[in-house]
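A look at the structure
Read off the chains here:
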Amino acid sequence: DFAQLVNEIPALREVHGISVWDLNNGEQIRKFTTDFRPTRVGFLSDQQTLLAVSSDRAAVLNVVTGKRKPRPEKLAGGSFALDASGKTLALSRGLVVMDSASERTLHSFGTDRDEGRPLAVSGDGKTLAAAGPHVIDLWDLGKGKPLPRGVGHSSPVVQVAFSADGRQIGTCSSHDVGAGVWDA
């Protein structure tokens, strides 16, 4: 059948690229090709490893060597967020927070129904924010406990981000007024 033929002939598969750039001189450092369309990329704590995910796949790429690293499929699916250092990694699938270097699970707050929720980790790695249907759910990552919910929107929240100092959270929703800024 045609689907099997496409998988057997690499030229017929859709190829997507991930580029890494040197911001000092504007030159491309490395280009990776994948057979999936990454929806999110981020550097891990070693600043040499790039994580790229889509709704059903993940790739872990070494920027220095240009090689793929083996990584469990638990990283695939949904969305993810990293703190400023790249050490704390939050995954929307199961709402899991882990140490990115050791892959040790630090906290698990949810189930697979949380897959795809937009996430943000504060720059200091102390707070997790997850966009909900109309609210922002917050967790203290030091204690592993939920914090009071953030103020909601009248439609689903589609993006969440912390300010650089971690004291405010920006959100936007799909249908209402749009963006909001809230005290963390």
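Below is a short write-up of the structure. (Residues numbered from 1 in each chain as written. Predicted model: local features only at pLDDT ≥ 70, side-chain atom pairs only at ≥ 80, totals over all residues. Heavy atoms only, no water.)

Attention shifts here to the overall build of the protein chain. If you tally the helices and strands in the protein chain, you get 1 helix and 17 strands. By the burial criterion, 41% of the 184 residues in the protein chain qualify as buried. As displayed, the protein chain offers around 10300 Å² of accessible surface, 52% of which is attributable to carbon and sulfur atoms. (Helix = DSSP H or I, 4+ residues; strand = E, 2+ residues; numbered from the N terminus. Buried < 20%, exposed > 50% of the residue type's maximum accessible area, 1.4 Å probe, protein only. Areas by Shrake-Rupley, 256 points an atom, 1.4 Å probe, with all protein chains shown as cover.)

It is worth spelling out the pairing of strand β1 (residues 16-21) at this point. On a regular strand, one side chain projects to one face of the sheet and the next to the other, so that they alternate. Here β1 shows one buried face, formed by His16, Ile18 and Val20, and one open face, formed by Gly17, Ser19 and Trp21. Bridge analysis of β1 against strand β2 (residues 28-34) gives 6 bridges, and the strand direction is antiparallel. Its bridge partner being in β2, glycine 17 is matched across the sheet by threonine 33. Count of turn residues in the β1/β2 antiparallel hairpin: 6 residues, of which glycine 26 carries a positive phi of about 75°. (Pairing = 2+ DSSP bridges.)

Bringing the environment of threonine 65 into the picture now. Here threonine 65 shows up in the loop between β5 (58-62) and β6 (68-69). Residues threonine 65 and arginine 30 lie 35 residues apart in sequence; the distance between their C-alpha atoms is 9.3 Å. In terms of polar contacts, threonine 65 uses its side chain to reach the backbone amide nitrogen of lysine 67, at 3.2 Å. (Polar contact = N/O pair within 3.5 Å; in protein donor to acceptor, adjacent residues only side chain to side chain.)

Inspection of the secondary structure puts serine 85 in the loop between β7 (80-82) and β8 (88-91). Remark: the alpha-carbon pair of serine 85 and glycine 125, spanning 40 residues in sequence, is separated by 8.3 Å. The residues touching serine 85, leaving out its near neighbours within four places in the chain, are Leu44, Ser45, Gln47 and Gly123. (Contact = heavy atoms within 4.5 Å.)

A word on the pairing of strand β13 (residues 136-140). Taking burial as the measure, the 5 residues of β13 include 4 buried ones, the bulk of the element. By the bridge criterion, 5 bridges tie strand β12 (residues 127-131) to β13 in an arrangement that is antiparallel. Across the sheet, threonine 127 pairs through a bridge with aspartate 140, a residue of β13. The turn joining β12 and β13, which pair antiparallel and follow one another in sequence, is formed by 4 residues.

Glancing now at unusual backbone geometry. Its identity is not glycine, yet glutamine 47 carries a phi of approximately 60°, on the positive side. Along the polypeptide, glutamine 47 turns up in the loop between β3 (40-43) and β4 (49-53). Owing to a relative accessible area of 47%, glutamine 47 belongs among the partly exposed residues under this scheme. Look at glutamate 103: it is not a glycine, yet its phi comes out positive at around 65°.

Another point: the sheet that holds strand β10 (residues 105-108). Within the open sheet, the 4 strands sit side by side as β7-β8-β9-β10. Their pairing is antiparallel. Of all the strands in the sheet, the pair left with one neighbour each is β7 and β10. When the angles between neighbouring strand axes are averaged without regard to direction, this sheet yields 15°. (Axes fitted to C-alpha atoms, helices over the stretch in contact; angles between N-to-C directions.)

Our next topic: the pattern of salt bridges. If you walk through the whole model with that rule in mind, you get 3 salt bridges. Across the salt bridge formed by aspartate 99 and lysine 87, the nearest N and O atoms sit 3.6 Å from each other. Linking aspartate 99 in strand β9 (residues 96-99) with lysine 87 in the loop between β7 and β8, this pair joins segments that are 12 residues apart in sequence. A residue is classified by how much of its surface remains accessible, and lysine 87, at 44% relative accessible area, is partly exposed. In this structure, aspartate 137 and arginine 117 form a salt bridge, with 2.4 Å as the shortest nitrogen-oxygen distance. Pair noted here: aspartate 137 is in strand β13 and arginine 117 is in the loop between β10 and β11 (119-121), with a separation of 20 residues, a long-range link. (Salt bridge = Lys/Arg side-chain N within 4 Å of Asp/Glu carboxyl O.)

With antiparallel pairing, 4 strands are arranged side by side in an open sheet as β3-β4-β5-β6. The outermost strands of the open sheet, each flanked by one partner alone, are β3 and β6. Note: β4 against β5, 5 bridges, orientation antiparallel. Of the residues in β5, the one forming a bridge with leucine 51 is valine 60.

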